[in-house]
Structure formats: C-alpha cells, structure tokens
Amino acid sequence: MQIYLDTADVNEIKEYVELGLCDGVTTNPSILAKGGADIRTAISAIAKVVNGPVNVEPIALDYDGIIKEAEEYSNIGKNIVIKLPMIKEGLKAVATLKKRKIMTSLTLVFSPAQALLAAKAGADFVIPFVGRVDDGGAYGTEMVAQIMQIFQIYQFKAKVLAASIRTPMHVIELASAGVDIVSVPKSVLETMLKHPYTDAGIKKFLEDWNKKKT
Ligand code: E4P
C-alpha cells in the first residue's frame, strides 16, 4: 500500500519523504487556500521534493477552463496529476488529457457506481472520500472495499486512492481491503506512529542502563 500526504505544506512533505513514508501528495483548493502562496508556486515546490505523483485540482469547472489550467500545471513536472471532479466536464477532460499523456485522477467519488464510471473513463486514479461518507451516515471504508472488489474482478488499471482519511482505523480497514493508496494528513500519520508502550519501553531501557553504569 502506498501512502500519500494530504497536504500542501512542503515542510511536512519533506519530513515524511525523509522518513521514507511519502509516496505522493494530494492537494485540493481548500488545502492550497490555507497555504497562501499561488497554486503554481506551491505545487512547483512540492513537486521538487516528492519522487511520486502530486495531485493538483484546477479551479475551473468548464471543460475549456479545466484543460487550460491542466496544461499550465502539467508543465511543472512529469509527476503532476490533474485532479478532476467526478462530473461530466471532468470525465471529458480525462479523455483529452489521456491523449496528451497527462496523468489524471477523478475526485469527490462517493459511491461504487461513480468509481466504476471513473475507471471506465480511463482515469489513472479514482479518489473515494472515506471520512465524508462516514459524515453522511454511511460506512466509508466498506464503500472502498466494494470498489476494490469491482476493480479486481474487471482488472481495471485505475488505482484506488482513498482520501478524506480521519483516523488510523480508517487506514487499517483500507489496508485490510487491499486499497492501492491512502492519502493521509500528517496528524493521522503521527497518531499511527506513536504508542505509549514504545515510549515507556525506551524510558525503562535507559533507566536500567544508567543504573548499571553507577
Ligand atoms: C484529497 O484528495 C481530498 O481532497 C481530501 O482528503 C479531503 O479530505 P477532507 O474530507 O478531510 O476535507
């Protein structure tokens, strides 16, 4: 399973690249708005530090506008993925960008039906939103498990990139379902990494060692 960072904070990305735990990045307009820098500047900085796909979402919602922004962003580097909303204009843009050999993802996917169409349309990545499905009273990781099953039956090339991850248990349930990629905020990774028994074990080992020397 690959792990992407769900952030536009280049320092967080650098830190997790150094830990060997960042295979790629997802951003969205809300995440980029927090950073303050213009999209091109922020994405260029990220694309330099990550040796993997970097997802950037055009702001335009009409086909011509999407293609114009997609061309500008795809010039930043070979690892740029154009992240498009799961609407007809997004699907149409996937077809055009595929011909131009530009990688695409279809985002804001909330059902196996949408995921099936996204894969059929030829997107490289399909992005179901786990946490937001939970927010709506359904079971996000179960939706992703069903998507995985469909993709395996038909051997779709599209990778399932689960996003809107809120807890370590989301990650574990997704890993159990065999998801290709999870995109996780730093806060969730930090919680996954830590265990009180690890800290207590380190403290005890040091105390015992120091006793021996005195
Ligand atoms: C990333 O691709 C998504 O835009 C992001 O994970 C959404 O997360 P949220 O539902 O916590 O805003």
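The preceding data block contains the structure.
Attention in this report is confined to the structure presented alongside it. (Residues numbered from 1 in each chain as written. Predicted model: local features only at pLDDT ≥ 70, side-chain atom pairs only at ≥ 80, totals over all residues. Heavy atoms only, no water.)

**Examining the site of the ligand**
Around the ligand, the structure places D6, T26, N28, K83, F129, R132, A163, S164 and R166. Between the ligand and D6 there is a distance of 2.5 Å, counted from an oxygen atom to a side-chain nitrogen or oxygen. With respect to the ligand, the side chain of K83 contributes an N or O atom lying 2.9 Å from an oxygen atom. Among the residues forming the shell around the ligand, the class breakdown is 2 nonpolar, 3 polar and 4 charged. (Near = heavy atom within 4 Å. Polar contact = N/O pair within 3.5 Å; in protein donor to acceptor, adjacent residues only side chain to side chain. Nonpolar A, V, L, I, M, F, W, Y, C, P; charged D, E, K, R; others polar.)

**Comments concerning the side chain of T107**
Its place among the elements puts T107 in strand β5 (residues 103-109). Given the relative accessible area of 0%, T107 is considered buried. Ignoring anything within four residues of it in the chain, the contact list for T107 reads E57, K83, L84, P85, M86, I127 and F129. (Helix = DSSP H or I, 4+ residues; strand = E, 2+ residues; numbered from the N terminus. Buried < 20%, exposed > 50% of the residue type's maximum accessible area, 1.4 Å probe, protein only. Contact = heavy atoms within 4.5 Å.)

**With respect to the pattern of salt bridges**
Overall, the coordinates contain 9 salt bridges when judged by the stated rule. Between K83 and E57 there is a salt bridge whose closest N-O contact spans 3.2 Å. Linking K83 in strand β4 (residues 80-85) with E57 in the loop between β3 (54-56) and α4 (63-74), this pair joins segments that are 26 residues apart in sequence. Given the relative accessible area of 11%, E57 is considered buried. Through salt bridges with shared partners, a single network forms among K204, D208 and K211. (Salt bridge = Lys/Arg side-chain N within 4 Å of Asp/Glu carboxyl O.)

**As for the sheet that holds β3**
Sheet architecture is closed into a barrel: 8 strands sit in the order β1-β2-β3-β4-β5-β6-β7-β8, paired in parallel fashion. This sheet shows a mean twist of 30° between the axes of neighbouring strands, independent of strand direction. Note that strand β7 (residues 159-162) and strand β8 (residues 181-184) share 2 bridges and pair parallel. Bridging from a neighbouring strand, L161 pairs with I181 of β8. The strands touched by α4 are β3 and β4; relative to β4, the strand with the most contacts, the crossing angle is about 160°. (Pairing = 2+ DSSP bridges. Axes fitted to C-alpha atoms, helices over the stretch in contact; angles between N-to-C directions.)

**Points about unusual backbone geometry**
For L108, which is not glycine, the phi dihedral falls at a positive 60°. Tracing the backbone shows L108 in strand β5. The class of L108 is partly exposed, set by a relative accessible area of 32%.

**Details of the pairing of β5**
The element β5 is largely enclosed, with a buried count of 5 among its 7 residues. Judged from the 5 bridges that link them, β4 and β5 form a sheet pairing that is parallel. Bridge pairing links P85 to T107 in β5. Between the parallel elements β4 and β5, the chain passes through helix α5 (residues 88-99) in a crossover that is right-handed. Where β5 meets strand β6 (residues 125-128), 3 bridges bridge the pair, whose relative direction is parallel. Bridging from a neighbouring strand, L106 pairs with V126 of β6. For the crossover from β5 across helix α6 (residues 112-120) to β6, the handedness is right-handed. (Right-handed = clockwise from strand over helix to strand, strands pointing away.)

**Notes on the pairing of β4**
Counting buried positions over the 6 residues of β4 gives 6, a clear majority of the element. Here β4 shows two buried faces, one formed by I80, I82 and L84 and the other by V81, K83 and P85. When β3 meets β4, the two strands line up parallel, connected through 3 bridges. Bridged to N55 within β4 is V81.

**Focus: the environment of V17**
For V17, the position within the fold is in helix α1 (residues 10-18). Beyond its immediate chain neighbours, meaning those up to four positions away, V17 contacts C22 and V49.

**Side note on helix α9 (residues 168-176)**
Those residues of α9 that fall on the buried side of the exposure criterion are H170, V171 and L174. End-on, the buried residues of α9 take up no more than an arc of 100°, which puts them together on one face. α9 presents M169 and S176 as exposed residues on the side facing more than 90 degrees away from its buried surface. Where α9 is buried, its residues touch α7 (130-135), α8 (140-154), β7, β8 and α10 (186-193). Just past α9, the residue G178 takes up positive phi, approximately 80°. (Arc of directions from axis to C-beta.)

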